[in-house]
Amino acid sequence: MSDLNPILSGSAQSIAAYQDAIEQSTKAVVQWLQQPEMYQGKSVEQLRERINLAFTSEGLGNQAAIERAVEYFLKDSLSVHHPQCVAHLHCPSLVISQAAEVLINATNQSMDSWDQSPSATIIEIKLIEWLREQVGYQAGDAGVFTSGGTQSNLMGLMLARDAFFARQGHSVQQNGLTGNLSKIKVLCSEHAHFSVQKNMALMGLGYQSVTLVKTDAFSRMDVNDLAAKLAEAKANGEQVMAIVATAGTTDAGAIDPLAQIAALAAEHQIWMHVDAAWGGALLLSEKYRHFLNGLELADSVTLDFHKQFFQTISCGAFLLKDARHYQLMRYQAAYLNSDFDEEHGVPNLVSKSLQTTRRFDALKLWMGLEALGKKQYAEIIDNGVTLAQQVAQFVAEQPLLELVMQPQLASVLFRFRPENLDISAVALLNQRIGDALLASGSANVGVTEADGVTCLKLTLLNPTVCLEDVKVLLASVTACGMQLHA
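The rules we used
Residues numbered from 1 in each chain as written. Predicted model: local features only at pLDDT ≥ 70, side-chain atom pairs only at ≥ 80, totals over all residues. Heavy atoms only, no water. UniProt positions renumbered as here; feature names shortened; annotations may be inferred. 1 Å grid on protein atoms, 1.4 Å probe; cavity = no way out; pocket = protein on both sides within 12 Å on 5 of 7 lines; lining within 4 Å. Points joined across faces, edges and corners; volume = space filled by probe spheres on them. Helix = DSSP H or I, 4+ residues; strand = E, 2+ residues; numbered from the N terminus. Nonpolar A, V, L, I, M, F, W, Y, C, P; charged D, E, K, R; others polar. Domains from an automatic or database assignment. Buried < 20%, exposed > 50% of the residue type's maximum accessible area, 1.4 Å probe, protein only. Lys, Arg positive; Asp, Glu negative; His and termini not counted. Salt bridge = Lys/Arg side-chain N within 4 Å of Asp/Glu carboxyl O. Contact = heavy atoms within 4.5 Å. Arc of directions from axis to C-beta. Polar contact = N/O pair within 3.5 Å; in protein donor to acceptor, adjacent residues only side chain to side chain. Pairing = 2+ DSSP bridges. Axes fitted to C-alpha atoms, helices over the stretch in contact; angles between N-to-C directions.

Per an unreviewed UniProt entry, the protein carries the name L-2,4-diaminobutyrate decarboxylase and comes from Kosakonia oryzendophytica. UniProt's Cofactor (unreviewed entry) comment on the protein is quoted here verbatim: "pyridoxal 5'-phosphate". Looking at the Sequence similarities (unreviewed entry) heading of the UniProt record, one finds this comment for the protein: "Belongs to the group II decarboxylase family."

In structure tokens, the structure reads:
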């Protein structure tokens, strides 16, 4: 090993190396933030050709390694904070979240046991208690921070499955899956997140176990069709393990009628999970909190904070209404969550998580809430929803643009649609517009489908963006469309 110890520690040499590396990286980020382009515009082929590895026997040293990261990663990164970057549920981050990352990374706490993360464990528990209060759950700490919506949805579906079998006197944890698995179903809307299918396959029940419920003109679950699908399942000898409602679909931002779905779930004694990865941000809203009425009736809830809570990736949470269901995934290991610890009230969060080693991502939300306060947080969340409504009105007034659907959260679905062009040609033209804008480095507009036809999407999460910024973007869309259509 060289004389220069690369490990972060309390030695003077290590501290000096840490300060130098952080200072060099911070200066590079500051320069990147001032870069006017949203993206440097390199294609997949260009990036593959440009980026190469430089692993040598002796190593390059910290300074050279950082320089190479700046050159080959940072300079060619997408500027998520740019006002023309509106394609995905991919938010710019709070400054305080960046500060939290420094503390998280330097301390490197592991959230699987209290003796690896003492203060962090207590902070996470208190945050879970607070989040449960915002949802409307009873006091308690049944929940855990996760990597995001897919993992949280997996936890909800897994516990729903195990509770389903437990009611029949069978333990999946001890004895595995049993019976005619093709008869076990999960119901969700046709616009639910793909992680429902993905997770059902992961749990051994397959895509075939997912029954899609029709949606209305605003992409919300049709409760009448849900009732019909439940009756149909019963008539076919099928058993519904869970109903997954969505509070904020990826494209339309649709929020299913939660209270009505909960009533049907209760009537049929079916687990209700709500994927509120996006719409859950309205828990802090002053204007739109009522959109989530009925969320408190769900058996489990997914929340994401790396969407409209403006935290760095990754940061999510899973909330469980009834703590007793955590027994369904309980496993004790003497080296992490022993009986002795439990008897003495030591909280080891590995008992609540699918992960063992886990980052202290809860710190970001805690620091964000303390830095901004609930009022300012509400303002930046509400800004996106209100802006989407303003943009939709503007789009509807433009002769060459077509509003596909009235916005519900902070997204706007629309098309460039000149006259005398059939729908297939319109679809291809809009795809080409999205590709051309990204290739130019000027804008990143979402390309998706509505009713099977390609359209464009603005996801307006950035609270620094105003209507005038979006008008500039829409002018670029129109100009690009006219050029491609000429």
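Caption draft 1: Quick peek at the layout of surface pockets. Taken as a whole, the largest pocket holds about 1800 Å³ of empty space. Forming the boundary of the largest pocket are 48 residues, of which Val 29, Trp 32, Gln 98, Glu 101 and Thr 312 lie nearest the centre. Of all the secondary structure elements, the ones that give two or more residues to the lining of the largest pocket are helix 1 (12–33), helix 3 (62–74) and helix 4 (95–107). A total of twelve residues in the lining of the largest pocket trace back to one element, the largest contributor, which is helix 1. Looking at the lining of the largest pocket residue by residue, the class counts come to 31 nonpolar, 15 polar and two charged.

Caption draft 2: Geometry of the domain arrangement of the protein. Considered domain by domain, the protein is made up of domain 1 (12–77), domain 2 (110–359) and domain 3 (373–485). The C-alpha centroid of domain 2 is placed 38 Å from the C-alpha centroid of domain 1.

Caption draft 3: Main features of the side chain of Arg 132. With respect to the element layout, Arg 132 can be found in helix 5 (residues 118–135). Notably, Arg 132 is buried but unbridged: the nearest opposite-charge side chain belongs to Asp 141, and the N-O separation is 6.8 Å. Discounting chain neighbours no more than four positions away, the residues touching Arg 132 are Tyr 137, Gln 138, Ala 139, Gly 140, Asp 141, Ala 142, Leu 319, Leu 320 and Lys 321.

Caption draft 4: Region of interest: helix 8 (residues 195–202). Listed in full, the buried residues belonging to helix 8 are Ser 195, Val 196, Asn 199 and Met 200. Along the axis of helix 8, the buried residues cluster in a sector spanning 135°; they form a single face. Taken together, the buried residues of helix 8 touch helix 6 (149–166), strand 2 (184–189), strand 3 (210–213) and strand 4 (239–246). Within two residues after helix 8, Gly 204 carries a phi angle of roughly 90°, on the positive side.

Caption draft 5: Local environment of the UniProt feature "modified residue: N6-(pyridoxal phosphate)lysine" (unreviewed entry) in the protein. The positions UniProt marks with the feature "modified residue: N6-(pyridoxal phosphate)lysine" (unreviewed entry) are Lys 307. Of note, Lys 307 is situated in the loop between strand 6 (300–304) and strand 7 (316–320). What makes Lys 307 buried here is its relative accessible area of 13%. Setting aside anything within four residues of it in sequence, one finds Lys 307 in contact with Leu 89, Cys 91, Ala 277, Trp 278 and Leu 461. There is a polar contact of 2.5 Å between the side chain of Lys 307 and the side chain of Asp 304.

Caption draft 6: Structural detail: the sheet that holds strand 8 (residues 401–405). What the four strands build is an open sheet, ordered 8-9-11-10; its pairing is antiparallel. What marks the edges here is a single partner per strand, and that holds for strand 8 and strand 10 (446–450). Strand-to-strand twist of the sheet, defined as the mean angle between neighbouring strand axes without regard to direction, takes the value 45°. Here strand 8 runs beside strand 9 (residues 411–416); their pairing, made up of four bridges, is antiparallel. Residue pairing across strands places Met 405 opposite Leu 413, the latter belonging to strand 9.

Caption draft 7: Spotlight on the sheet that holds strand 2. Strand order in the open sheet formed by seven strands is 1-7-6-5-4-2-3, and the pairing between neighbours is mixed. One side of each edge strand has no neighbouring strand; the edge strands of this open sheet are strand 1 (143–146) and strand 3. Averaged over all neighbouring strand pairs, the angle between strand axes comes to 20°, with direction disregarded. Packing against the sheet, helix 9 (residues 223–235) makes contact with strand 2, strand 3 and strand 4, and its axis sits at approximately 145° to strand 3.

Caption draft 8: Just unusual backbone geometry, in detail. Residue Ser 314 is reached from Ile 313 by a cis peptide bond, and omega for that bond is 0°. Here the phi dihedral of Asn 108 falls at roughly 55°; this positive angle occurs in a residue that is not glycine. Relative to the helices and strands, Asn 108 resides in the loop between helix 4 and helix 5. Residue Phe 310 is not a glycine yet carries a positive backbone phi of 65°. Take Phe 310: it is sitting in the loop between strand 6 and strand 7. We classify Phe 310 as buried; its relative accessible area is 1%.

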